[in-house]
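Descriptive analysis of the structure
Below are the chains, spelled out letter by letter.
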Amino acid sequence: MIAEDDEKWLAAANAAVKQNAFYMQRAIDSNNLKDALKFSAQMLSELRTSKLSPHKYYELYMRVFNELGTLEIFFKEETGRGCSIAELYELVQHAGNILPRLYLLCTIGSVYIKSKDVTTTDILKDLVEMCRAVQHPLRGLFLRSYLAQVTRDKLPSIGSELEGDGDAQMNALEFVLQNFTEMNKLWVRMQHQGSSREKEKREKERNELRDLVGKNLHVLSQLEGVDLGIYRDTVLPRILEQVVNCKDELAQCYLMDCIIQVFPDDFHLQTLDVLLGVCPQLQPSVDIKTVLSGLMERLSNYAASSVEALPNFLQVEAFSKFNYAIGKVVEAQVDLPAAGSVTLYLFLLKFTLHVYSDRLDYVDQVLGSCVTQLSATGKLCDDKAAKQIVAFLRAPLEKYNNVVTILKLTNYPRVMEYLDHETNKTMAIIIVQSVLKNNTHISTADEVDALFELAKGLIKDFDGTIDNEIDEEDFQEEQNFVARLVHNLYNDDPEEMSKIIFTVRKHILTGGPKRLPLTIPALVFSALKLIRRLRGGDENPFGDDASATPKRILQLLSETVEALSDVSAPDLALRLYLQCAQAANDCELETVTYEFFTKAYLLYEEEISDSKAQVTALRLIIGTLQRMRVLSVENRDILTHKATGYSARLLRKPDQCRAVYECAHLFWADECENLKDGERVVLCLIRAQRIADAVQNMTNASRGTSSTGSVALYVELLNKYLYFLEKGNTKVTGDTIKSLAELIRSETKKVESGAESFINSTLRYIEFQRQQDGGMSEKYEKIKMEWFE
Amino acid sequence: MVLVLALGDLHVPHRAADLPPKFKSMLVPGKIQHIICTGNLCIKEIHDYLKTICPDLHIVRGEFDEDARYPENKTLTIGQFKLGLCHGHQVIPWGDLDSLAMLQRQLGVDILVTGHTHQFTAYKHEGGVVINPGSATGAYSSINQDVNPSFVLMDIDGFRAVVYVYELIDGEVKVDKIEFKKPPTSNSAP
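Residues numbered from 1 in each chain as written. Chains lettered and ligands numbered in written order. Predicted model: local features only at pLDDT ≥ 70, side-chain atom pairs only at ≥ 80, totals over all residues. Heavy atoms only, no water.

Under an unreviewed UniProt entry, the name given to chain B is Vacuolar protein sorting-associated protein 29, and the organism recorded is Camelina sativa. Check the Sequence similarities (unreviewed entry) section of the UniProt entry for chain B; it says "Belongs to the VPS29 family." (UniProt positions renumbered as here; feature names shortened; annotations may be inferred.)

Within an unreviewed UniProt entry, the label attached to chain A reads Vacuolar protein sorting-associated protein 35, and the organism entered is Camelina sativa. Under the heading Subcellular location (unreviewed entry), UniProt records this for chain A: "Membrane". Check the Function (unreviewed entry) section of the UniProt entry for chain A; it says "Plays a role in vesicular protein sorting."

What follows is the structure, encoded as structure tokens:
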């Protein structure tokens, strides 16, 4: 209803304006001053309406404003024709109503400012006083807005051609300040018009008009002569006086923001006391956080963009002022939710990081203030606050990109104490990822300790609460971060590195059954690297109590890998034991090597029952054992005997066959004469062949329905005989090989074996070797044979 | 011209945090037609990463691989070459070229790509070529004392294969090149 009426009134008013403007224009064209005034007054009368909403009134006003432009030009021409301001004023008095009269007076007055007929000072003073006559908020606001607009380019401002001496500048200043003050009063008065039910609507309307008031501040900032001194002594106090005295929340919010945005940053820096001091004087409902954060943000950007300004920050002690101010706000607003106060500290922190990035003590202070605040509210339970704290903790991390710096902030872990488990873990992940992303290098055990403390949400479960809801993949990914992290913990000094290893182990072992298999391997390999480094060093340089000897570290690893047995990861544990055995072998620690093999074997016997897993595990055992050089004859025998035993007892016969012939290599070490036992090599191969025979029999028994690959096994064995023949094993006779070859030939005649290509390539190889010069062809002479296919 | 990336033994996260940045910047998606991987990634994240470089990923199982479904060995044909892929912990003695030659005969391939030793090798023998791309991350190895990060890029064009090996030594990427030709009358298995 009302909206429609609004449209109707506006349409009617527009029509009237248009009509009067037309006649006014005609009068102007015929130089008829009186008529021009008459019609312009009529036109301006439309602005006397109370029926329009501010939005619509503005539309009307704009239309009128445009028309007044022509009138202004006409007045200028009149002055050229010798008409004085006094005369014009006189004529205007005949306009019946006050509002049109005032608009006209403003228009005339502005023309005369330039003429120097009357002093600018007087005109401005008169105009700004006269406008008091209109106390209706909406109309008064627009009237004064008009006054401001029409005088704007006539004030001595920066970049204008108008020169002004000190007096002219002060007068202009005074003019704008007064206009602003009055406009604000009118604007605030709008709040109290009408019923309380319509409060929301009024506030919305007021918001639409706010730039009219704010514009004045912008003009002030552009005035010439408004230097720091004038700003500090005159401009700011006057503005703030109005801001405080108007006691209006909307105005205060808007104007504070305006001040911050409109005036130069170094002004703010120098008047920081004043700005901050005004905050407590504002209405309680004003959101100080927004004001403070706006100010801090502007000053942060200022610091970021002009390095020369940084000393000023120090000089005015910006940090302590803000810190104090925020403390006061938080103190005063008892009901401030945790999220709110953290937000404030977040802004202060960002400010500090921007401006005082090398002052870790300041950063730590902010963290400390936050901790104090949080301790009053206790552990957080709402998401919003948690999010803010994460943002708060991220800020220094992202600024410095170096976790080592963060570790120096004593209050950092204390802030984390206030996070709930879930958020704590999130933060831990962020911290670890920061290390990985920036490839930060952490080099002392103490720092490692501190880092793992910070990341404990990721390293372990909190007080027995196991997170059962987590996705398996996500969990693994998280723990993989931890594993990767281990590789960034490094020191060239073996003693320190050893301490690091101990520290990492201490933390990782608290991880629980799900985590250990994912994190222990990284620790083990990091330690093995250290052992390799120690190996190159002097014998026992540190004395008995030193931690950093290979033996001691291997002992540690033995205990560590044992922890895996408790959490059902036998395959992994076996592999790690074998790795340790190799390291022990390289350090010539015979007993330790044997120990590790014992543990590996026990795991194989007791824990690894899956057939496929057994095959792989056994291969690894054989492969590792084959490389051992430090074992005594007896110990080597024991282990070899057991390995061959395991091989013969694998479930599937082909697997047995292969494992047994692989064991042959245990009796032959190429570079070590006393580890070459030709006879036992051949024994293994014969034994393997018997198993292959058994496979063959099985095939025959099942009427050759499916090839069990027995021929392939024979060919593999043949290749192995050739291998040892070449290595100079005298026990490999030509007869053995020939009869095996014969066997293969006869078998392939019976049925498709699927091993044809293997046979062919083997034959080709034999032929090739026979062609070789020297010893090789001699060896191959032994097995010269015909092969018809 | 077919580009084949051969790499393996990354051992992430057990022995290394990630590929060296210099390698990562070289491995640009879309430039490579096939990836053959000797195994020991060890985690899914690396598998996924490799897939972004090239979707045609062939991989065999290393003893530390998380995914138990990778095969023990694999063969494939590229150009005129038959390639075989096997991690190498299955071949005893580890790193023994004669034993590897036997595997090559068994699989019937021209080029056998294998890992485990973390040592780059390109070994030409009677039956073909054995290539070991080493460890792409320079991971710790109990077999090889001094490991530099390395990987191999093969440019296969019909009967000709050019093998580029990239090694990170003292922070610099060094490249070497070896050429292999396969005689048109094929000696290897049909």
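As for the overall build of chain B
Along the backbone of chain B there are three helices and eleven strands. In chain B, the succession of helices and strands from N to C terminus is β-α-β-α-β-β-β-α-β-β-β-β-β-β. A compact globule built from 190 residues would reach a C-alpha radius of gyration of about 16 Å, and chain B, at 15 Å, matches this within 12%. A principal-axis box enclosing the C-alpha atoms of chain B has dimensions of 45 × 35 × 30 Å. Classification of the 190 residues of chain B by burial places 63% in the buried group. (Helix = DSSP H or I, 4+ residues; strand = E, 2+ residues; numbered from the N terminus. Rg over C-alpha atoms; globule rule 2.2 N^0.38 Å. Buried < 20%, exposed > 50% of the residue type's maximum accessible area, 1.4 Å probe, protein only.)

Considerations on the overall build of chain A
Within chain A, the regular secondary structure consists of 38 helices and zero strands. Principal-axis analysis of the C-alpha atoms places the extent of chain A at approximately 140 × 65 × 55 Å. Looking at chain A residue by residue over its 789 residues, the buried ones come to 53%. Long-range contacts, defined as pairs at least 24 residues apart, comprise 73% of the intrachain contacts of chain A with a sequence gap of at least 6. Carbon together with sulfur atoms contributes 49% to the accessible area of chain A, which is approximately 35900 Å² in total. The averaged location of the 113 negative side-chain charges in chain A is 3 Å from the averaged location of its 91 positive side-chain charges. (Contact = heavy atoms within 4.5 Å. Areas by Shrake-Rupley, 256 points an atom, 1.4 Å probe, with all protein chains shown as cover. Lys, Arg positive; Asp, Glu negative; His and termini not counted. Charge placed at Lys NZ, Arg CZ, Asp CG, Glu CD.)

Things to note about the side chain of His89 of chain B
Secondary-structure assignment places His89 of chain B in the loop between β5 (81-86) and α3 (97-107). A relative accessible area of 2% means that His89 of chain B is categorised as buried. His89 of chain B has contacts with Thr616, Arg619 and Leu620 of chain A together with Arg61, Gly62, Glu63, Trp94 and His116 of chain B, leaving out every residue within four places of it along the chain.

Some words on the pattern of salt bridges
By the definition in use, this model includes 40 salt bridges over all chains. Across the pair Arg745 of chain A and Glu742 of chain A runs a salt bridge, and its minimum N-O distance is 3.0 Å. In this pair, Arg745 of chain A and Glu742 of chain A both sit in helix α36 (residues 734-750), three residues apart, roughly one turn of the helix. Classification of Arg745 of chain A by relative accessible area gives buried; the value is 13%. Here Glu742 of chain A falls in the partly exposed class, since its relative accessible area comes to 40%. Across the pair Arg160 of chain B and Glu179 of chain B runs a salt bridge, and its minimum N-O distance is 3.1 Å. (Salt bridge = Lys/Arg side-chain N within 4 Å of Asp/Glu carboxyl O.)

With respect to the pairing of strand β9 (residues 150-157) of chain B
Residue and element names in this part refer to chain B. Of all the eight residues making up β9, seven are buried; the element is thus mostly covered by neighbouring parts of the structure. As paired strands, strand β1 (residues 2-7) and β9 are joined by five bridges and run antiparallel to one another. Bridging from a neighbouring strand, Val2 pairs with Ile156 of β9. The sheet contact formed by β9 and strand β10 (residues 160-169) spans eight bridges and is antiparallel. Among the inter-strand pairings, Leu153 is bridged to a residue of β10, identified as Tyr164. (Pairing = 2+ DSSP bridges.)

Some details on the interface of chain B and chain A
Put simply, an interface is often sized by how much accessible area is lost when its parts join up. Taken together, the contact between chain B and chain A spans 38 residues of the former and 46 residues of the latter. Taking both sides of the interface into account, the surface hidden between chain B and chain A amounts to around 3900 Å²; carbon and sulfur atoms contribute 54%. When residues of chain B are sorted by the area they lose upon contact with chain A, Ile92, Arg105 and Tyr140 of chain B head the list and together hold 19% of the total. If you look at where chain B meets chain A, you find three salt bridges. (Buried area = accessible area lost by both parts, 1.4 Å probe.)

Some points on the UniProt feature "domain: Calcineurin-like phosphoesterase" (unreviewed entry) in chain B
In this structure's numbering, the residues bearing the UniProt feature "domain: Calcineurin-like phosphoesterase" (unreviewed entry) are residues 4-157 of chain B. Between the end C-alpha atoms of residues 4-157 of chain B the distance is 11 Å, and the span holds 18% helix and 31% strand.

Focus: the packing of helix α31 (residues 611-626) of chain A against helix α32 (residues 633-648) of chain A
All names here are of chain A. Two numbers describe how α31 lies on α32: the axes approach to 11 Å, and their chain directions differ by 155 degrees. Accordingly, the angle class assigned to the pair α31 and α32 is roughly antiparallel. As α31 packs across α32, the resulting crossing turns out to be left-handed. Seen from α31, the contacting residues are Leu618, Ile622, Leu625 and Gln626; seen from α32, they are Arg636, Leu639, Thr640, Ala643, Tyr646 and Ser647. Each residue belonging to the contact of α31 with α32 can be placed in one class, and the counts come to six nonpolar, three polar and one charged. (Axes fitted to C-alpha atoms, helices over the stretch in contact; angles between N-to-C directions. Parallel < 35°, antiparallel > 145°, perpendicular 65-115°, else oblique. Left-handed = near helix turned anticlockwise from the far one by under 90°. Nonpolar A, V, L, I, M, F, W, Y, C, P; charged D, E, K, R; others polar.)

Comments concerning the sheet that holds β10 of chain B
All names here are of chain B. With mixed pairing, six strands are arranged side by side in an open sheet as β3-β2-β1-β9-β10-β11. Sheet topology places β3 (57-59) and β11 (172-181) at the edges, where each strand pairs with a single neighbour. Strand-to-strand twist across the sheet, computed as the mean angle between neighbouring axes with direction ignored, equals 20 degrees. One ladder, built from ten bridges, connects β10 with β11; its direction is antiparallel. Its bridge partner being in β11, Leu168 is matched across the sheet by Val173.

Thoughts on helix α27 (residues 516-535) of chain A
Given 3.6 residues per helical turn, the α-helix brings residues three or four places apart onto the same face. Helix length check: α27 of chain A, at 20 residues, gives a terminal C-alpha distance of 28 Å against a target of 28 Å (1.5 Å per residue), a fit within 8%. The buried count for α27 of chain A comes to 16 of 20 residues, which makes it a mostly enclosed element. (Expected span 1.5 Å × (residues − 1).)

With respect to helix α4 (residues 85-92) of chain A
By the burial criterion, the buried members of α4 of chain A are Ile85, Leu88, Tyr89 and Val92 of chain A. The arc that holds every buried residue of α4 of chain A, seen down its axis, measures 100 degrees, which confines them to one face. (Arc of directions from axis to C-beta.)

Points about unusual backbone geometry
Cis geometry is adopted by the peptide bond preceding Cys42 of chain B, which originates at Leu41 of chain B and carries an omega value of 5 degrees. If you trace the backbone, Cys42 of chain B turns up in the loop between β2 (34-37) and α2 (44-53). Cis geometry is found at the peptide bond from Ile92 of chain B to Pro93 of chain B, where omega equals -5 degrees. Assignment of secondary structure puts Pro93 of chain B in the loop between β5 and α3. Unusually for a residue other than glycine, Asn31 of chain A sits at a positive phi of about 55 degrees.

A closer look at the environment of Ile429 of chain A
Residue and element names in this part refer to chain A. If you trace the backbone, Ile429 turns up in helix α22 (residues 421-438). Taking relative accessible area as the criterion, Ile429 reaches 14% and is therefore assigned buried. Sequence separation between Ile429 and Val390 is 39 residues, and the spatial gap between their C-alpha atoms is 11 Å. Setting aside residues up to four positions removed in sequence, Ile429 forms contacts with Leu458, Glu478 and Phe481.

So, the packing of aromatic side chains
All names here are of chain A. Evaluation of the coordinates by the stated rule reveals 28 aromatic pairs over all chains. Consider the rings of Tyr302 and Phe313, whose centres lie 6.0 Å apart with planes at 40 degrees: the pair is tilted. Of this pair, Tyr302 sits in helix α14 (residues 288-305) while Phe313 sits in helix α15 (residues 310-315), and the two are eleven residues apart along the sequence. Ring centres of Phe351 and Tyr356 lie 6.3 Å apart, and the angle between their planes is 75 degrees; this geometry places the pair in the edge-to-face category. Tyr356 matches Phe351 in its accessibility class, with the two residues each being buried. Feature note: the residues Tyr57, Tyr58, Tyr61, Phe65, Tyr103, Phe142 and Tyr146 constitute an aromatic cluster, connected by ring pairs. We note Lys38 situated over the ring of Phe39; from NZ or CZ to the ring centre the distance is 4.9 Å. Positioned above the aromatic ring of Trp187 is the side chain of Arg206, whose terminal nitrogen or guanidinium carbon lies 4.5 Å from the ring centre. (Phe/Tyr/Trp six-rings, centres within 6.5 Å; stacked < 30°, edge-to-face > 60°. Lys NZ or Arg CZ within 6 Å of the ring centre and 35° of its normal.)

What to know about the state of the cysteines
Scanning the entire structure with this criterion turns up zero disulfides over all chains. The thiol sulfur of Cys684 of chain A is not disulfide-bonded, and the nearest other cysteine sulfur, from Cys663 of chain A, lies at 5.7 Å. (Disulfide = S-S within 2.5 Å.)

Quick notes on the packing of helix α19 (residues 383-400) of chain A against α22 of chain A
Packed helix pairs are characterised by how far apart their axes lie and by the angle those axes make with each other. All names here are of chain A. Two elements in contact, α19 and α22, have axes separated by 11 Å at closest approach and are oriented at 20 degrees. Between α19 and α22, the interaxial angle falls into the category roughly parallel. The hand of the α19/α22 crossing is right-handed. Along the contact surface, α19 presents Ala386, Val390, Leu393, Arg394 and Leu397, while α22 presents Thr423, Met427, Ile430, Ile431 and Ser434. When grouped by side-chain class, the residues that make up the contact of α19 with α22 number seven nonpolar, two polar and one charged.

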